[in-house]
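Structure at a glance
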Amino acid sequence: MLLPSYYDFCCRVKTVSGNKALEQIPGLLAGMNASRPMIITDKGVVAVGLIDIAKKAMGKKLKIVTVYDNVPVDSNYKIVDDAARVYRQKKCDSIIAIGGGSAIDTAKGVNIVASLGGSSLLEYEGFGAVKRKLNPLVVIPTTAGTGSEMTLVAVIADPDRKIKMLFVSYFMLPDIGVLDPRMTRTLPDFLTASTAMDAMTHACEAYFSMEKNPLSDSHAIQAIQTISQNLLHVVKNPGDLKGRAALAAASTMAGVAFSNAMVGLVHNLGHTVGAICHVPHGTAMSILLPYGLEYSLHRASDVIGELLFPIGGPDVYAATPKKERGEKAIELIRKMNQDLHDATGGKHPRFLKEIRDRNGAQVVPESVLETLAQAIMLDGARMSNPEEIYPADALMVYRHAWEGTPINRKKIDKGGKKVKW
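Residues numbered from 1 in each chain as written. Predicted model: local features only at pLDDT ≥ 70, side-chain atom pairs only at ≥ 80, totals over all residues. Heavy atoms only, no water.

As for the nonpolar core
Ranked by internal contacts, the top residues of the largest apolar core, which has 71 residues, are Leu269, Leu307, Val364 and Tyr398. The greatest single-element share of this core, amounting to 11 residues, is contributed by helix 10 (residues 281-306). What Leu307 contacts, discounting residues up to four positions off in sequence, is Cys204, Tyr207, Ile224, Leu293 and Ala329. Counting residues in each nonpolar core, the second largest holds 34 residues, with Tyr87, Cys92, Tyr124 and Met172 among its members. (Core = buried A, V, L, I, M, F, W, Y, C linked by side-chain atoms within 4.5 Å. Buried < 20%, exposed > 50% of the residue type's maximum accessible area, 1.4 Å probe, protein only. Helix = DSSP H or I, 4+ residues; strand = E, 2+ residues; numbered from the N terminus. Contact = heavy atoms within 4.5 Å.)

Remarks on the domain arrangement of the protein
Domain boundaries assigned for the protein yield domain 1 (14-183) and domain 2 (189-411). Placing a centre on the C-alpha atoms of domain 1 and another on those of domain 2 gives a separation of 26 Å. The interface is formed by 17 residues belonging to domain 1 together with 26 residues belonging to domain 2. Regarding the contact of domain 1 and domain 2, the summed buried area is about 1,800 Å², with carbon and sulfur atoms giving 65% of it. For the pair domain 1 and domain 2, the interface holds zero salt bridges. One can count seven residue pairs in polar contact (both at pLDDT 80 or more) joining domain 1 with domain 2. Counting residues per element, the side of domain 1 that touches domain 2 draws most heavily on strand 8 (residues 163-168), at three residues. Split by residue class, the side of domain 1 that touches domain 2 holds eight nonpolar, five polar and four charged. (Domains from an automatic or database assignment. Buried area = accessible area lost by both parts, 1.4 Å probe. Salt bridge = Lys/Arg side-chain N within 4 Å of Asp/Glu carboxyl O. Polar contact = N/O pair within 3.5 Å; in protein donor to acceptor, adjacent residues only side chain to side chain. Nonpolar A, V, L, I, M, F, W, Y, C, P; charged D, E, K, R; others polar.)

Notes on the pairing of strand 7 (residues 153-158)
Across the six residues of strand 7, five count as buried, placing the element largely inside the fold. Here six bridges tie strand 7 to strand 8, and the two strands are oriented antiparallel to one another. Residue pairing for strand 8: Val155 is matched across the bridge by Leu166. Between the end of strand 7 and the start of strand 8, which pair antiparallel, lie four residues, with Lys162 showing a positive phi angle near 55°. (Pairing = 2+ DSSP bridges.)

Focus on the packing of aromatic side chains
Going through the model one piece at a time under the given rule, you end up with one aromatic pair. Between the aromatic rings of Phe309 and Tyr317, the centroid separation amounts to 5.5 Å while the plane-to-plane angle is 80°, which identifies the pairing as edge-to-face. The class of Phe309 is partly exposed, set by a relative accessible area of 37%. Judged by relative accessible area, which is 22%, Tyr317 ranks as partly exposed. Over the aromatic face of Tyr317 sits the side chain of Arg325, whose NZ or CZ is 3.9 Å from the ring centroid. Directly above the aromatic system of Tyr291 lies the positively charged group of Arg334, at a separation of 4.7 Å from the ring centroid. (Phe/Tyr/Trp six-rings, centres within 6.5 Å; stacked < 30°, edge-to-face > 60°. Lys NZ or Arg CZ within 6 Å of the ring centre and 35° of its normal.)

Things to note about helix 13 (residues 325-343)
The terminal C-alpha atoms of helix 13 lie 27 Å apart, and with 19 residues this matches the ideal 27 Å at 1.5 Å per residue to within 8%. Listed in full, the buried residues belonging to helix 13 are Arg325, Gly326, Ala329, Ile330, Leu332, Ile333, Met336, Asn337, Leu340 and His341. Residues of helix 13 that are buried make contact with helix 6 (189-208), helix 7 (214-236), helix 10, helix 11 (308-312) and helix 12 (314-319). At the exit of helix 13 stands Gly345, carrying a positive phi of roughly 65°. (Expected span 1.5 Å × (residues − 1).)

Rendered as structure tokens:
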């Protein structure tokens, strides 16, 4: 392994995992001199009874001051500002985030405003604007995908500008991540699939990011292997708590990896299609991952080829010539998406054109692809990808992901299509 001349790595979130992990929260908060937590979640999590499970597990040892459950699928700064107002009004001293990525990112945003003051989260947009320790934050994921319990990042929408804003600071790392398989047991099959593929994308992009390092690599590889070995089985056997615990651990490891190595093109394109078309993040990641890998083969074929080992196993890796390993890894990711599509009765979409709303209308019509391609320049995730991307390139990737046709980089690079690299 060729070591980078310099890298930094930080993993200081206390992780509590297991069937009785929720019961540890009162003592952990007491150790941080916190006793008046606010729960931040969404109505879906409340509806399936997960808040009741958490409250029962924590018992009478901890008084939950209030439950804020107005978090939407794609949270925005206005929700954050409203929740921060409630936090102050109720005189809370800590936050327990229970949910997926939107609830957790909302909680991080609320913690910024509640801890540092100000009238709006907009005052802290960008990298490094949060410059001191925040109030205690406990994160309980209800999906095995976002890895947000381990990250220094929050992605929160500005609906007025139709963008997703990045908030990045080491002070935004949660204090405690609680992994309890009881909290993912009720997750529907298609959400189990898409959220785990989100974690797969975190790990894959972290592994071939320009900011990768040996420590982030180790977390990424183990996460990819664990997801590859467990995801389809859990989708078909949703009551398998051991399998769900494995996926939760993989999501956390992927979170550690990309929090240190950052992500790239797939997240760049995914953030954009999420902000403009409101595509759920995990769905966007699962669809775009093989296309983002194909696009980046031009610059990182050897590194992407190394992903074949955790995805396909040692026998497949050894039997595949080195120059073909990258393409084989991508082929297996496509097969994974197809298997998940079949196992969920078609609810796990494979291509952008397959995403439908409740009325059956296309969420990403072909006519919006050019708008998406122009908007990718506003997202910072593009900076760590090994291959530069411009709107013309993004449009090409979006078109292939919309149609479901693989990208033939060899043909393009020989002049088969006029694209600026």
